[in-house]
Amino acid sequence: GSAIRRFPNRSLLMAACAACIGGTFQYGYNISIINAPTMHVQKFINQTWRERYQTNISADALTLLWSTIVSIFTIGGLIGVTVGGMLSVKLGRKGTLLANNIFALMAALLMGLSYHTGLFELLIIGRLLTGLNAGIGICAQTLYLGEIAPTALRGGMGMGTSIFITVGILTGQVMGLKELLGKEEHWPLLLSTTCVPAFLQLLILPWFPESPRYLLIDRGEEQGFEKALKQLHGTDACDGEREDIEKERNNLVDFQTKKPWQLFTDRSVRWQLVAIGLLNAAQQLNGINAIYFYADYLFRQSGIPTDKIPYVTIGTGACECITALTCGLLIDRLGRKVLIAGGYALMSICCILFTLTLSFQDASPVVPYLSMGCLFAFVLSFGLGPGGVTNILTTELFTQTTRPAAYMIAGSLNWLSFFFIGLVFPFIVYCFLVFLAVCSFMAMYIFFVIPETKNKTFIEIQNEFKSSSHRIAE
């Protein structure tokens with residue numbers, strides 16, 4: 001019964017954790033860590049401005065500088081994703097993850113120094129670098145996890161990506177509490193803690209092998225491949241994995257790794273591209289970010305005292321964390337399709353309820369608590385489906401030569417949508433109807449178009465797409 005192993009062995013789990021700590025953990029951590037010191041950093045910008053130019057900074061300029069510091073992260077991510085795919089082919093998945101820590105360490109240094117040198121520009125450069133680190137990290141790590149996982153566990157392992165994003169967000173929220181590093185004098189320290197996960201990864205990951213698929217298919221290293229397989233899967237489970245990977249290699253003889261622009265002209269992956277394009281844009285445009293930006297405001301509306309709000313926000317973080325874990329346990333049993341279509345359907349319902357409860361805030365003292373209920377339900381539905389399954393489908397709908405390019409395209413769309421939401425969000429505040437449209441459209445699209453990919457090899461999935469796209473074309 002080694003074919004159906006419910007849990008990965010220890011070496012595989014450790015390798016996955018080592019990859020995630022410097023990968024998506026950093027992404028979640030740097031998204032949430034910037035919220036706590038907002039006031040302190042703005043005060044610091046104002047002070048340095050006064051020292052330099054002998055006048056106070058205008059409110060608009062301050063807002064602009066602050067939103068630049070927050071959102072330049074997404075620009076870094078966009079660049080990172082574009083470079084990450086290419087690096088993963090050049091340096092290997094593991095090599096890229098290790099080299100990528102340089103950016104996190106540089107960022108930590110710059111942001112830590114900005115206070116003592118009185119240069120707020122360093123914060124902008126530091127945030128750009130953390131974004132770059134997150135973009136490259138997500139790209140290389142998702143490839144690594146998708147490729148080291150045995151077919152039966154691919155979903156659960158791929159969930160490592162979103163589990164660690166949520167753990168990162170939660171850790172960032174906790175570190176920003178007054179009791180830890182949330183005090184005013186601690187903000188430079190808080191922002192430079194991004195070096196800790198980087199050091200951890202540099203200590204742990206070198207002990208684990210490169211992705212066996214990469215070694216065999218991209219590099220043609222038979223011995224390294226054998227050794228990596230044994231170390232990751234143990235001696236017994238090795239054979240089944242070897243067959244799958246060799247089958248994939250024989251299918252791909254004479255194939256060069258494709259570049260992103262070559263994918264757009266390749267008829268055979270057209271429907272897969274449409275699918276991951278929609279999935280990745282929707283992952284940011286479905287309103288989850290709106291809910292996060294708005295959480296504070298909503299909690300205040302519900303009459304929670306201001307000094308208690310950080311703790312409730314941690315509640316939402318913990319909530320998403322728990323669902324990501326649940327999803328990781330369910331995904332290889334229930335399948336991808338049920339979770340992601342169901343998630344979007346539930347989110348659509350939450351959007352409707354949320355819009356209603358927001359319109360009747362003053363009708364009764366119970367209503368704000370109902371909106372909080374909707375908010376938690378929305379976060380839960382996101383965590384169960386779209387939050388985790390999106391990345392896994394990007395791995396599964398492509399084969400080894402198209403996968404890095406697909407990641408660049410998917411990732412770029414994801415970061416672009418993230419940036420777009422950050423810009424447009426203040427203007428479409430209560431427009432949950434936009435999000436309702438996105439969620440309900442996605443639920444139907446997934447239900448009718450995307451095949452189930454659970455427990456299938458990458459080649460079977462490829463063939464299934466060919467037959468389903470013929471059905472659409474006819």
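Please refer to the structure higher up on the page.
Just so it is clear, the structure is predicted and the values come from calculations on it, not from any experiment. In every chain, residue numbers begin from 1 and rise along the written sequence. Where totals are concerned, whole chains, interfaces and linings use all residues; where local detail is concerned, this predicted model gives features only for residues with pLDDT of at least 70, and gives and counts side-chain atom pairs only at 80 or more. Side-chain metrics rest on all non-hydrogen atoms present in the structure, leaving aside hydrogens and water.

(A) Quick look at the overall build of the protein chain. Helix and strand definitions here come from DSSP, where helices need a minimum of 4 consecutive H or I residues and strands a minimum of 2 consecutive E residues; each element is numbered from the N-terminal end. For the protein chain, the count of helices and strands is 21 helices and 0 strands. We compute the radius of gyration over the C-alpha atoms and compare it with the globule rule, which gives 2.2 Å times the number of residues raised to the power 0.38. Its C-alpha atoms give the protein chain a radius of gyration of 23 Å, within 12% of the compact-globule value 23 Å for 474 residues. Sequence separation of at least 24 residues holds for 83% of the intrachain contacts in the protein chain that already meet a minimum separation of 6. Carbon and sulfur atoms provide 68% of the accessible area of the protein chain, an area that totals close to 20200 Å². In summary, the charge assignment counts Lys and Arg as positive and Asp and Glu as negative, without counting His or the chain termini. By convention, the charge on Lys lies at NZ, on Arg at CZ, on Asp at CG and on Glu at CD. If the 34 positive side-chain charges of the protein chain are averaged to one point and the 31 negative ones to another, these points end up 1 Å apart. By definition in these notes, contact holds between two residues if any of their heavy atoms fall within 4.5 Å. Here the Shrake-Rupley method, with its probe set to 1.4 Å, supplies the accessible areas, and only the displayed protein chains count as covering residues.

(B) The nonpolar core, seen in detail. Residue types Ala, Val, Leu, Ile, Met, Phe, Trp, Tyr and Cys, when buried and joined through side-chain atoms within 4.5 Å, form a set referred to as a nonpolar core. Relative accessibility thresholds used throughout: buried, under 20% of the residue-type maximum; exposed, over 50%; partly exposed, between the two (1.4 Å probe, protein chains only). Ranked by internal contacts, the top residues of the largest apolar core, which has 58 residues, are Leu-263, Phe-299, Tyr-344, Phe-354, Phe-398 and Ile-446. If one sorts the elements of this core by residue count, helix α16 (residues 336-359) sits on top with 9 residues. Apart from residues lying up to four places away in sequence, Tyr-344 is in contact with Leu-279, Ala-282, Gln-283, Asn-286, Pro-386, Cys-439, Met-442, Ala-443 and Ile-446. Core analysis: the next-biggest nonpolar cluster, separate from the first, contains 40 residues, Ile-57, Leu-97, Leu-123 and Leu-153 among them.

(C) Broad picture of the packing of helix α5 (residues 93-117) against helix α6 (residues 121-148). Axis lines are fitted to C-alpha atoms, over the contacting stretch for helices. Their N-to-C directions set the angle, which ranges from 0 to 180 degrees. Look at α5 against α6: their axes get within 8 Å of each other, and the N-to-C directions meet at 160°. Taken together, the axis directions place α5 and α6 in an arrangement best described as roughly antiparallel. You can see that α5 and α6 cross each other, and the crossing is left-handed. Residues of the contact of α5 with α6, tallied by class, amount to 17 nonpolar, 10 polar and 4 charged. When an angle is under 35 degrees it counts as roughly parallel; over 145 it counts as roughly antiparallel; between 65 and 115 it counts as roughly perpendicular; any other value is oblique. Left-handed is the label given to a crossing in which the near helix is rotated counterclockwise from the far helix by less than a right angle, and right-handed is the label when the rotation is clockwise. Note on residue classes: Ala, Val, Leu, Ile, Met, Phe, Trp, Tyr, Cys and Pro are nonpolar, Asp, Glu, Lys and Arg are charged, and everything else, Gly too, is polar.

(D) Expanded view of the packing of aromatic side chains. Centres within 6.5 Å are what make two rings of Phe, Tyr or Trp a pair, Trp counting through its six-membered ring; a difference in plane orientation under 30 degrees is then read as stacked, over 60 as edge-to-face, and the rest as tilted. Enumeration according to the criterion identifies 12 aromatic pairs in this entry. Taking the centre distance of 5.3 Å and the plane angle of 80° together, the rings of Tyr-27 and Trp-415 count as edge-to-face. Linking Tyr-27 in helix α2 (residues 24-32) with Trp-415 in helix α19 (residues 403-424), this pair joins segments that are 388 residues apart in sequence. For Trp-415, a relative accessible area of 4% gives the class buried. Ring plane angle 25° and centroid distance 6.3 Å describe the contact between Trp-49 and Phe-120, whose orientation is recorded as stacked. With Trp-49 in helix α3 (residues 38-53) and Phe-120 in the loop between α5 and α6, the pair connects residues that are 71 residues apart, well separated along the chain. On the basis of relative accessibility, which here comes to 23%, the residue Trp-49 falls in the partly exposed class. An aromatic cluster is defined as three or more aromatic residues linked by ring pairs; in this entry it consists of Tyr-27, Phe-73, Trp-415 and Phe-418.

(E) Region of interest: helix α18 (residues 386-396). Taking burial as the measure, the 11 residues of α18 include 11 buried ones, the bulk of the element. Among the residues of α18, those classed as buried are Pro-386, Gly-387, Gly-388, Val-389, Thr-390, Asn-391, Ile-392, Leu-393, Thr-394, Thr-395 and Glu-396.

(F) Region of interest: the pattern of salt bridges. What counts as a salt bridge is simple: a side-chain nitrogen of Lys or Arg found within 4 Å of a carboxyl oxygen of Asp or Glu. Following the criterion strictly, the structure yields 15 salt bridges and no others. Two residues, Arg-213 and Glu-248, come together in a salt bridge whose shortest N-O distance is 3.1 Å. Of the two residues, Arg-213 is situated in helix α10 (residues 212-218) and Glu-248 in helix α11 (residues 222-251); the sequence distance between them amounts to 35 residues. With its nearest N and O atoms 2.9 Å apart, the salt bridge here joins Arg-336 to Asp-332.

(G) Inspection of the environment of Arg-93 at higher detail. If you trace the backbone, Arg-93 turns up in helix α5. As a C-alpha pair, Arg-93 and Ser-211 span 118 residues in sequence and 6.7 Å in three-dimensional space.

(H) Molecular detail of the side chain of Thr-142. Mapped onto the elements, Thr-142 comes out in helix α6. Counted as a polar contact is a pair of N or O atoms within 3.5 Å, where, for protein atoms, one must be capable of donating a hydrogen and the other of accepting one, and residues adjacent in sequence contribute only when both atoms are in side chains. At 2.3 Å, the side chain of Thr-142 forms a polar contact with the backbone oxygen of Ile-138. Excluding anything up to four places from it in sequence, Thr-142 contacts Thr-161, Asn-391, Thr-395 and Tyr-407.

(I) Fine view of the environment of Gly-317. For Gly-317, the location among the structural elements is in helix α15 (residues 309-334). For the pair Gly-317 and Ile-125, spaced 192 residues apart in the sequence, the C-alpha separation amounts to 27 Å. Once you skip the residues sitting within four places of it in the chain, Gly-317 turns out to touch Leu-170, Gln-173 and Tyr-292.

(J) How the structure looks around the side chain of Glu-210. Among the structural elements, Glu-210 can be located in the loop between α9 (195-204) and α10. Buried and without a salt bridge, Glu-210 has Arg-93 as its closest oppositely charged side chain, separated by 5.5 Å. Of the polar contacts made by the side chain of Glu-210, one reaches the backbone nitrogen of Arg-93; its length is 3.1 Å. There is a polar contact of 3.1 Å between the side chain of Glu-210 and the backbone nitrogen of Lys-94. In contact with Glu-210, not counting residues within four places along its chain, are Leu-91, Gly-92, Arg-93, Lys-94, Gly-95, Tyr-144, Leu-215 and Ala-228.

(K) The arrangement of α2 in detail. Most of α2 is tucked away, with 8 of its 9 residues classed as buried. Among the residues of α2, those classed as buried are Thr-24, Phe-25, Gln-26, Tyr-27, Gly-28, Tyr-29, Asn-30 and Ser-32.

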